[in-house]
Amino acid sequence: MKALTSSEILGQVADSAVVKAEGKLWKLLVLAVMAGAYISFGAYASTMASFNLTADAATFGLGKLVSAMVFPVGLMMVVLCGAELFTGNCLMITGVLGKRITTLAMLRNWVIVYIGNFIGAMIVVFMVCYSGLLESAGGLLGAVTVKTAVGKTGLAFGKAFVLGIMCNWLVCLAVWMATGAQTAIGKIFSIYFCIMLFVLAGFEHSVANMYFIPAGILASENEAFVQLLGLDVSGLTFGNFLINNLLPVTLGNIVGGCVFVGMGYWFVHKR
């Protein structure tokens, strides 16, 4: 089947925005919990695949590549199985611009889905930490998990914001192309390379960070993990997670998805 044109994708995305805006609270919340878990599965698996490489500066780039090759499975599950992901839902701005939904209805969806994504991510965080998986390779996986969280919470507000913009620009392009693809394999390839690119580049995704940073915070309670790489975890707190990372990254994700994808294509095709 022939892929949709960009103009046709815009129509599909706007139709989807109406459905999402009218969704019942319980349905949106359950689907959002699923999406948060799916992204977290991808985040954990990407760390497991690459931790021995990213722990060493000499192989860090190769480790990022390996991580990037695994992580996209999270968004594949969201799109192909059907779930509600906050970052992808930034494309609901097309429905607002077309006056098919109100700004308030879009914000309602965002709040419900964001909360659900966080719950889903935290479920996976607790399962991973409780299961003992972070003790893999003599605790090196746990140490790298802490190292990742330390790096993310140590970002300056402005840098985290810009990294969030670039991330969701690519995530929403992945969703955009997957919407236009007419086969499952077409959707998979549409998702894979955009998501691989954002992970490899080191951009910041708010929902993925709902796994990466809380997992690092909980792992930092194990002194052996901290000492293995000689990490300073004094700033690794839930307060810094929320203020130094999640807030600026979320704002950046909104700009990246709404402005650079949704508003951009709406301006081109519907102004």
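See above for the structure.
In what follows, the accompanying structure is described.

Rules of the game
Residues numbered from 1 in each chain as written. Predicted model: local features only at pLDDT ≥ 70, side-chain atom pairs only at ≥ 80, totals over all residues. Heavy atoms only, no water. Helix = DSSP H or I, 4+ residues; strand = E, 2+ residues; numbered from the N terminus. Rg over C-alpha atoms; globule rule 2.2 N^0.38 Å. Buried < 20%, exposed > 50% of the residue type's maximum accessible area, 1.4 Å probe, protein only. Areas by Shrake-Rupley, 256 points an atom, 1.4 Å probe, with all protein chains shown as cover. Phe/Tyr/Trp six-rings, centres within 6.5 Å; stacked < 30°, edge-to-face > 60°. Core = buried A, V, L, I, M, F, W, Y, C linked by side-chain atoms within 4.5 Å. Contact = heavy atoms within 4.5 Å. 1 Å grid on protein atoms, 1.4 Å probe; cavity = no way out; pocket = protein on both sides within 12 Å on 5 of 7 lines; lining within 4 Å. Points joined across faces, edges and corners; volume = space filled by probe spheres on them. Nonpolar A, V, L, I, M, F, W, Y, C, P; charged D, E, K, R; others polar. Salt bridge = Lys/Arg side-chain N within 4 Å of Asp/Glu carboxyl O.

1. Considerations on the overall build of the protein chain
Tallying secondary structure elements over the protein chain gives 12 helices and 0 strands in all. Mapped from its N terminus to its C terminus, the protein chain presents α and β elements in the order α-α-α-α-α-α-α-α-α-α-α-α. In terms of overall dimensions, the protein chain is globule-like: its C-alpha atoms have a radius of gyration of 18 Å, near the 18 Å expected for 271 residues. Summarising its shape, the C-alpha atoms of the protein chain cover approximately 55 × 35 × 35 Å along the three principal directions. Residues classed as buried in the protein chain amount to 49% of the 271 residues present. As displayed, the protein chain offers around 11,800 Å² of accessible surface, 70% of which is attributable to carbon and sulfur atoms.

2. What about the packing of aromatic side chains?
Applying the stated criterion across every chain, the model contains 10 aromatic pairs. Seen from their ring centres, W176 and Y265 are 4.7 Å apart, and the 20° between their planes marks the pair as stacked. Of this pair, W176 sits in helix α8 (residues 157-180) while Y265 is found in helix α12 (residues 238-270), placing the two residues 89 residues apart along the sequence. According to the relative accessible area criterion, Y265 is partly exposed, its value standing at 28%. Their ring planes at 85° and their centres at 5.2 Å tell us that Y192 and F193 sit as a pair that is edge-to-face. Connected via pairs of aromatic rings, a cluster forms that spans F86, W110 and Y114.

3. Concerning the nonpolar core
Membership of the largest hydrophobic core comes to 76 residues, with the highest contact counts inside it found for F71, L75, V78, I101, I195, F198 and Y211. Setting aside chain neighbours within four positions, we find I101 in contact with A17, V18, A21, M92, G95, V96 and M106.

4. Some remarks on the layout of surface pockets
Considered as a void within the structure, the largest pocket measures approximately 640 Å³ in volume. Along the wall of the largest pocket there are 28 residues; nearest its centre are S16, K20, A83, E84 and N89. Within the residue set of the lining of the largest pocket, elements represented by two or more residues are α1 (6-21), α2 (25-54), α4 (73-81) and α8. Sort the elements by how many residues they give to the lining of the largest pocket and α1 lands first, with 7 residues. Its residues placed into classes, the lining of the largest pocket shows 15 nonpolar, 7 polar and 6 charged. Empty space within the second largest pocket amounts to approximately 560 Å³. Taken together, 24 residues form the lining of the second largest pocket, with F60, K64, T148, K152 and F212 sitting closest to its centre. Those elements that provide at least two residues to the lining of the second largest pocket are α2, α3 (60-70), α7 (136-153), α9 (184-201) and α10 (206-219).

5. Description of the pattern of salt bridges
By the definition in use, this model includes 3 salt bridges. Residues K20 and E84 are paired through a salt bridge, measuring 3.1 Å at the closest nitrogen-oxygen approach. Here K20 is found in helix α1, whereas its partner E84 is found in the loop between α4 and α5 (93-97), with 64 residues between them in sequence. A single burial state applies to K20 and to E84, both of which are buried. When the shortest N-O distance is used, the salt bridge between K152 and E204 registers 3.0 Å. Remark: E204 occurs in the loop between α9 and α10 and K152 occurs in helix α7; sequence separation between them is 52 residues.

6. Some details on the side chain of K152
You can call K152 buried: its relative accessible area is 12%. Discounting chain neighbours no more than four positions away, the residues touching K152 are E204, N209, F212, I213 and N245.

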